[in-house]
Amino acid sequence: MGRKTICYRGSLKSCNYHCSYCPFSRHRASAAELERDRQQFVRFCDSMEKKAAESDIGAVFIVPYGEASIHRWYWEGLGRLAGLPGIDRVGMQTNLSFSVEACLNIFEFHCGGNDVGEMPGARKGKGRPQKKLCIWATFHPEMTDVDTFSDNCHKLTENGVNLCVGAVGVPQNLSLLGRLREKLPLDVYLWINKMDGLRRNYTEEERTAFSVIDPFFEVELNPPAADAAMCADRCFVEADGRVHTCNISKAKTVNWYTGNAEEIFRPLCGRKRCSCYLAYGGRADFEGRRHFGEYPIFRIPSGHI
Ligand code: SF4
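Only a predicted model underlies this, so the values are computations on that prediction, with no experimental measurement involved.

The rules behind these values
Residues numbered from 1 in each chain as written. Predicted model: local features only at pLDDT ≥ 70, side-chain atom pairs only at ≥ 80, totals over all residues. Heavy atoms only, no water. Salt bridge = Lys/Arg side-chain N within 4 Å of Asp/Glu carboxyl O. Helix = DSSP H or I, 4+ residues; strand = E, 2+ residues; numbered from the N terminus. Buried < 20%, exposed > 50% of the residue type's maximum accessible area, 1.4 Å probe, protein only. Pairing = 2+ DSSP bridges. Right-handed = clockwise from strand over helix to strand, strands pointing away. Disulfide = S-S within 2.5 Å. Core = buried A, V, L, I, M, F, W, Y, C linked by side-chain atoms within 4.5 Å. Contact = heavy atoms within 4.5 Å. pLDDT = per-residue confidence, 0-100. Phe/Tyr/Trp six-rings, centres within 6.5 Å; stacked < 30°, edge-to-face > 60°. Lys NZ or Arg CZ within 6 Å of the ring centre and 35° of its normal.

Draft legend 1. Representation of the pattern of salt bridges in the model. Enumeration according to the criterion identifies 16 salt bridges in this entry. Salt-bridge contacts for aspartate 56 lead to arginine 3; the nearest nitrogen and oxygen are separated by 2.8 Å. Of this pair, aspartate 56 sits in the loop between helix 1 (31-54) and strand 2 (57-62) while arginine 3 sits in the segment before strand 1 (4-9), and the two are 53 residues apart along the sequence. Overall, the relative accessible area of 36% leaves aspartate 56 in the partly exposed class. On the accessibility criterion, arginine 3 (22% relative accessible area) is partly exposed. Two residues, glutamate 76 and arginine 72, come together in a salt bridge whose shortest N-O distance is 2.8 Å. Pair noted here: glutamate 76 and arginine 72 are both in helix 2 (residues 72-82), with a separation of 4 residues, about one helical turn.

Draft legend 2. Layout of the pairing of strand 3 (residues 89-94). Extensive coverage of strand 3 is indicated by the burial of 6 of its 6 residues. Residues Arg89, Gly91 and Gln93 point to one face of strand 3 and Val90, Met92 and Thr94 to the other, with burial holding for every one of them. Two elements, strand 2 and strand 3, share 4 bridges in a ladder whose sense is parallel. Opposite phenylalanine 61, over in strand 3, you have glycine 91 as the bridge partner. Read from strand 2 through helix 2 to strand 3, the crossover connection turns out right-handed.

Draft legend 3. Structural view of the state of the cysteines. All chains considered together, the criterion is met by 0 disulfides. Its sulfur unpaired, cysteine 276 is 6.8 Å from the next cysteine sulfur, which belongs to cysteine 246. According to the relative accessible area criterion, cysteine 276 is partly exposed, its value standing at 22%.

Draft legend 4. View of the nonpolar core. One finds Phe44, Met48, Trp75, Val165 and Trp256 to be the most contacted residues of the largest nonpolar core, which totals 62 residues. Setting aside anything within four residues of it in sequence, one finds methionine 48 in contact with Ile57, Val60, Leu81, Leu84, Ile87 and Trp256. Grouped together as the second largest cluster of nonpolar side chains are 25 residues, Cys134, Cys274, Tyr280 and Phe298 included.

Draft legend 5. Fine view of the confidence of the model for the protein. When pLDDT is averaged along the protein, the result is 92; 94% of the residues meet or exceed 70. Scored below 50 in pLDDT, residues 115-126 makes 26 contacts in the model with residues more than four places away or belonging to other chains.

Draft legend 6. Inspection of the packing of aromatic side chains at higher detail. Taken as a whole and judged by the stated rule, the model has 23 aromatic pairs. Measuring from centroid to centroid gives 5.8 Å for phenylalanine 61 and tryptophan 136, while their planes differ by 50°, and the two rings are tilted. Placement of phenylalanine 61 in strand 2 and of tryptophan 136 in strand 4 (residues 133-138) is noted, with a sequence separation of 75 residues between them. Looking at phenylalanine 61, the relative accessible area reads 0%, which means it is buried. By way of ring pairs, the aromatic residues Phe61, Trp136, Tyr189, Trp191, Phe216, Tyr277, Tyr280, Phe286, Phe292 and Phe298 are connected into one cluster. The ring of tyrosine 277 carries the charged tip of arginine 299 above its face, separated from the ring centre by 3.9 Å.

Printed below as a string of structure tokens:
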């Protein structure tokens, strides 16, 4: 058994981007909704102070529906989590529209000056807690351009933050994604997720072209059959404490805040296939572990791919 990874999804369903295909781009959150999301996240962070050590939790990943990075409380909470003894990595999925310097300052401040120790395979971070921080940045070509996006990527890596970058594999965007690859720091992995609404198979040429950008693209196209036994070291927690094994598995009856650890981590699936990276990338038998290290869910290579 490895150390445990927790994914957390708040109740936030709003975003500062307005991509045409995304349901969360149209929802404007009220002040009350945002306050509820903040309180729920603070409660989750409070719970981790006890649970991290009790359950040997090594990593926490924020995987919001909307855009969490533009809300200060997520950086405060990530800082708190990174400062907990025993936590190796914390991370967040984002569209990278946040202010890098301001947010890293909040993160660092809330680490409480704790000694975060050395992370094998992590970027050199001038001895700062950023070396625990993993950012999963998704490129949205409808809302930003290659130069703006890649500039923010450079700012993050220059500050010692671990970063992966990705985009949906829209065939029409192949040359744009090739340009993005050229602009990114060489050792930043650029992943490609399959396009769900494509309504046809990718052609051989498209598969090859996307595989040149992302060596794991074929795994994305052929996700493994479900096997809950491979998912004993992980848990997906919702804002109200509902617990799943992964982001697509059935909800359990146990609650994060009131249940015991054995029930919380007992795998429960209900799926035929682990159909997206957040699911298959957290399995104990995921072949990418050789490249992504102990916490592959963040998609950050521990060496070269
Ligand atoms: S669908 Fe989720 S819980 Fe089920 S086997 Fe795949 S990763 Fe594990």
